[in-house]
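Listed below are the residues making up each chain.
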Amino acid sequence: MLSLDPLCPGWDSPLGSKDLEDEEGPWRGASGLPPTGCLPGPWCQDVGLDCKGSPEGAEAQAWTAYYYSLLQTCLQHAGFPETQDRSQVPRTGCPGAEVTLCVLGSPSTFLSVLLGGGVQSPGNMLLCLSPAWLTKVPVPGQPGEAALLVSKAVSFHQGGLTFLDDFVPPRRVTYFLADLGPGPGRSREAAELARDLACPTGTSAEMARLLEDRLLTRGLLSRQGGVAVPATLAFTYKPLGLLWGGEASPGLRLVELSGKEGQEVLVKEEVEAFLHSEALGDTLQVAVKLSGWRWRGQQALRLHPRVELGAVVNTVLALLEKLEEEESVLVEAVCPPVRLPSPGSTLPGPELAVRICAVVCRTQGDRPLLSKVVCAVGRGDRPLRHHSSLPRTLEVALAQCGLGEAAQVEAVQQSVKAAAEAALAAVLALEAGLSAEQRGGRQVRTDVLGVDFALTVTGRALTPVALELNGALCLEACGALEGLWAAPRMGPAAEATAAAPLVETMLRRSARCLMEGKQLLLVGAGGVSKKFVWDAARDYGLKLHLVESDPNHFASQLVHTFIHFDMTEHRRDEENARLLAELVRARGLQLDGCFSYWDDCLVLTALLCQELGLPCSPPAAMRLAKQKSRTQLHLLCRRGPPWPAPSLHAVPCCPLESEADVERAVRQVPLPGVMKLEFGAGAVGVRLVEDASQCREHFSRIARDLQGEADHPGIGLGWGNAMLLMEFVEGTEHDVDLVLFRGQLLAAFVSDNGPTRLPGFTETAACMPTGLVPEQEAQLVQAAFRCCLGCGLLDGVFNVELKLTGAGPRLIEINPRMGGFYLRDWILELYGVDLLLAAAMVACGLRPALPAHPRARGHLVGVMCLVSQHLQALSSTASREALQALHDRGVLRFNMLEESLMSGEYEEPYCSVACAGPRPAEARLRLLGLCQGLGIDGPHYPIAHFLSHFK
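The residue count restarts for each chain, going from 1 along the sequence in the order it is written. This being a predicted model, a pLDDT of at least 70 is required before a residue's local features are given, and a value of 80 or more before pairs of side-chain atoms are given or counted; all residues contribute to the totals for chains, interfaces and linings. Note that water and hydrogens are dropped before the side-chain values are worked out from all heavy atoms of the structure.

1. Things to note about the pattern of salt bridges
Whenever Lys or Arg places a side-chain nitrogen within 4 Å of a carboxyl oxygen from Asp or Glu, that contact is recorded as a salt bridge. Applying the stated criterion to the full structure yields 38 salt bridges. As a salt-bridge pair, aspartate 599 and arginine 817 come within 2.9 Å of each other at their nearest N and O atoms. Note that aspartate 599 is positioned in the loop between strand E21 (593-595) and helix H15 (602-612) and arginine 817 in the loop between strand E30 (808-815) and helix H21 (823-831), a separation of 218 residues in sequence. Only protein chains enter the area calculation, which uses a 1.4 Å probe; residues under 20% of their type maximum are buried, those over 50% are exposed, and those in between are partly exposed. The exposure class assigned to arginine 817 is buried, which follows from its relative accessible area of 10%. One network of salt bridges, with partners in common, ties together Lys136, Glu192, Arg195 and Glu206. In DSSP terms, a helix is any run of H or I states spanning at least four residues, a strand is any run of E spanning at least two, and both are numbered starting from the N terminus.

Below is the structure:
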């Protein structure tokens, strides 16, 4: 059934004489005052709601007090404590250097967002109950744009704790979301606050005006999204410029009127043709309503049997008198209610109207993601509307209609998901074609969309038909469903709420806001595998100044300042740090931070930060993590409290600088063991050794072949070619990528590695997210975290390699920089978290704006390609161009790691090829088939074996 416009007296029977413009929504009375006496509660009324310096009139004060009481009611229903007033002791903070997510609107509408933000970014999710709590100030150097400052707000924290806070000085908003309406008063104030902001903004009055226009959105969804909408005949007077002319698509017809009077003949002809058209199918009723921003929330709906031509025409003519420019009168099909056989019977069950509210969010890469679906079920002879029925899940709603078979329910779920995500994709396409002025500001983006569907039968299939788009009602309905589980120990995880993807987007856009224009010194450009850095820096608005040993490096043309400096001799890092600091000062660079992601340059970077007074982990910690034997031996000594101590994860080892060291090591370290370069990278020179003779042989080979940087650039030979012998431990290998800020763990991402081709340890395959059970995943994360802290690594993005043995996690090594190979790309793709941006924020002394519980959007399974094993394929079927083309089509993910097709005894992977899937088994099967087709799989490189750990 048609939903959303409530019936009112005079509109469910013959046309009443009531003037529609006097019909008010539930929150807009003639006096402009809020409802009274409807929010009783035990909470304290003596709270400081006035904002110093921004006095409010009596009416505004009444609304502020009403919303405060409404917030307390919502918190009470959700099982959370009353808001604590601490406004007498203002929060100080660091204005402009902290994430500030600000919501202006009804607490009941945005409760899901507010609570989710309190979990994902405690203390940074703020609710303003009055526009007077916010101020716009011009931004120097950005004509026409303003910063938004918040002086007072309710802050949200973990556990549903809330505080009424004053901020001195005011906090600068990094993301703004407001509830916008067409009426006078607060809606207009909110619209003005949201316009032309320098910070990211989730909506604007301009965009809301477009999305609330049913005629515009139905044409948009039908044409661009391929979404089913009700058959609609529209009469419009001076239509919106974005509307189409004539036929938009089958079932949608727009009739542009030259005037509002004297249209009787045209209206009758069009209505008669519409009522007899095939587009209406089995529809028995039509609805007549007004469409346009002015009529949002108005109780304006009239139902007529399809056969009553005269009544439909008279209603249209009556409503035409109300039209203003860019408004329309709609005659639309009422979707037939669902009627399925009763369970256990062939007889049809009762007619039930089903309304579906879908919340869909814009995620990383501007991709729509269905977040949650809520349904209402009611009688088939009357429309359903918001706030008139209890919310329930789609599964429960379908069961009430007699549909309980799992495959059929899954089919309906998928059709709703496809339609909802297509709706947001269509809106984003529309938005991309609008100017900043048309959107309401340069930073305005539609980050969340509510889509209302009627569930009806088309042929023999259940079909969701999109009725309208809305900004807040669907979000509120999903929050109400989540509230049904608000009793202790029954609540859903915060990351499972409808607002979770929206909060992640708010944080992601806030990070961009904080980092735009920041000046960073980057030490070491890296190779082809780091080419993403330059595009990302430009996208984020970072100003990079590069220090690089190669004067002809391609990145020298992609940065603001290029400093050529020979850094290859790392035994001189302390001296080089002093010289570089002098060069930076001589050039007058005003740096916000300094960082590196290149193994060779990590210690030098820490020393340089120390010289320049910039944030970084201590140089001693970097040295400790950089030298593999020192890492293990240091952690082995960390046996004291708190328990479990880092020593539980360390592995016995012995440093090797001479042949005498080898003889001593084989007596101290149990064999078989692993020999590797102390300062190595990329698993070059790593080998399994089973006895003393193999140890001596491998030590001699490395000493002969890899003596200095020129023998194999980029793997750490600038530090020398010393080695170590460590015990070989059995188990599965895993990477843990961590984000630490001031010793606090902000995020961790665990991936699984496939078996290596012994006796070498070059990576073969990987899977993300991990397939381990949650307890084992937590063990790995905590082991990696404790090992980093044990070495003194407190700030940065770190990659920790571990093995999960029968006795728990064991440390392989700590890489005190962002994970290499494909890891940054995969984490960005699956979780929407950019480790590069996080590292840059830490380098600037800013807490990275990361979700507390990022959820993977699927699974990735990949394999490495080696020139020694795949030269023929990489030169033909799996050439760089062929793999890139498949990547561009979305068939696979391709990460280039080396520039040329050259192999040798100490080779590194040439590239990574991965496939995605909703489940690991699907991704694994796709990858296996792809590798067989491309010629990557073979007897000497058995892909099935390398993927066997991921089952």
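2. A look at the environment of glutamine 776
Summarising the element assignment, glutamine 776 is placed in helix H20 (residues 774-790). Between the C-alpha atoms of glutamine 776 and proline 809, which are 33 residues apart in sequence, the distance is 8.7 Å.

3. Focus on the side chain of glutamine 263
Here glutamine 263 is to be found in the loop between strand E10 (252-257) and helix H6 (264-275). Look at glutamine 263 and you get buried, because its relative accessible area is 8%. Any two residues whose heavy atoms approach within 4.5 Å are treated as being in contact. Once residues lying within four places of it in the same chain are set aside, the contact partners of glutamine 263 are Leu257, Ser258, Leu317 and Leu320.

4. Quick word on the sheet that holds strand E27 (residues 744-753)
Between any two strands, at least two bridges found by DSSP are needed for them to pair. Taken in spatial order, the eight strands line up as E30-E29-E26-E27-E28-E31-E33-E32 in an open sheet, and their pairing is antiparallel. Edge positions in the sheet fall to E30 and strand E32 (893-896), since each of these pairs with one other strand and no more. Ignoring which end each strand starts from, the neighbouring axes of this sheet average 25° apart. Pairing of E32 with strand E33 (residues 911-917) involves four bridges; the strand directions are antiparallel. Its bridge partner being in E33, arginine 893 is matched across the sheet by alanine 914. Angles here are taken between N-to-C directions and fall from 0 to 180 degrees, while the axes themselves are lines fitted to C-alpha atoms, restricted in helices to the stretch in contact.

5. Here we look at the packing of helix H18 (residues 659-668) against helix H19 (residues 692-705)
In the contact formed by H18 and H19, the axes pass within 10 Å of each other and the chain directions differ by 150°. When the interaxial angle is binned, H18 and H19 end up roughly antiparallel. When you trace H18 past H19, the crossing you get is right-handed. For the pair H18 and H19, the contacting residues are Glu659, Val662, Glu663 and Val666 in the first and Ala692, Cys695, Arg696, Phe699 and Ser700 in the second. Geometric relationships in this document are graded by angle, where less than 35 degrees denotes roughly parallel, more than 145 denotes roughly antiparallel, 65 to 115 denotes roughly perpendicular, and other angles denote oblique. Put simply, a crossing is left-handed when the front helix is turned counterclockwise from the back one by less than a right angle, and right-handed when it is turned clockwise.

6. Remarks on the sheet that holds strand E24 (residues 687-689)
Strands in a sheet are paired, the pairing made by backbone hydrogen bonds, and the direction either parallel or antiparallel. Across the sheet, which stays open at both edges, the four strands sit in the order E22-E25-E23-E24 with antiparallel pairing between neighbours. The strands lining the two open edges of the sheet, one partner per strand, are strand E22 (653-656) and E24. Averaged over all neighbouring strand pairs, the angle between strand axes comes to 25°, with direction disregarded. Two strands pair when backbone bridges link them, and strand E23 (residues 673-677) and strand E25 (residues 723-727) are joined in this way by five bridges, in the antiparallel orientation. For glycine 673, the partnering residue across the bridge sits in E25 and is glutamate 727.

7. Regarding the side chain of histidine 649
With respect to the helices, strands and loops of the structure, histidine 649 is situated in the loop between helix H17 (628-636) and E22. Histidine 649 sits in the buried class, given a relative accessible area of 5%. In this structure the side chain of histidine 649 is engaged in a polar contact, spanning 3.1 Å, whose partner is the backbone oxygen of proline 809. Contact partners of histidine 649, with chain neighbours within four places excluded, come to Ala783, Arg786, Cys787, Pro809, Arg810 and Leu811. Polar contact is the term for a pair of N or O atoms within 3.5 Å; when the atoms are in protein, one must be able to donate a hydrogen and the other to accept it, and sequence-neighboring residues count only if both atoms are side-chain atoms.

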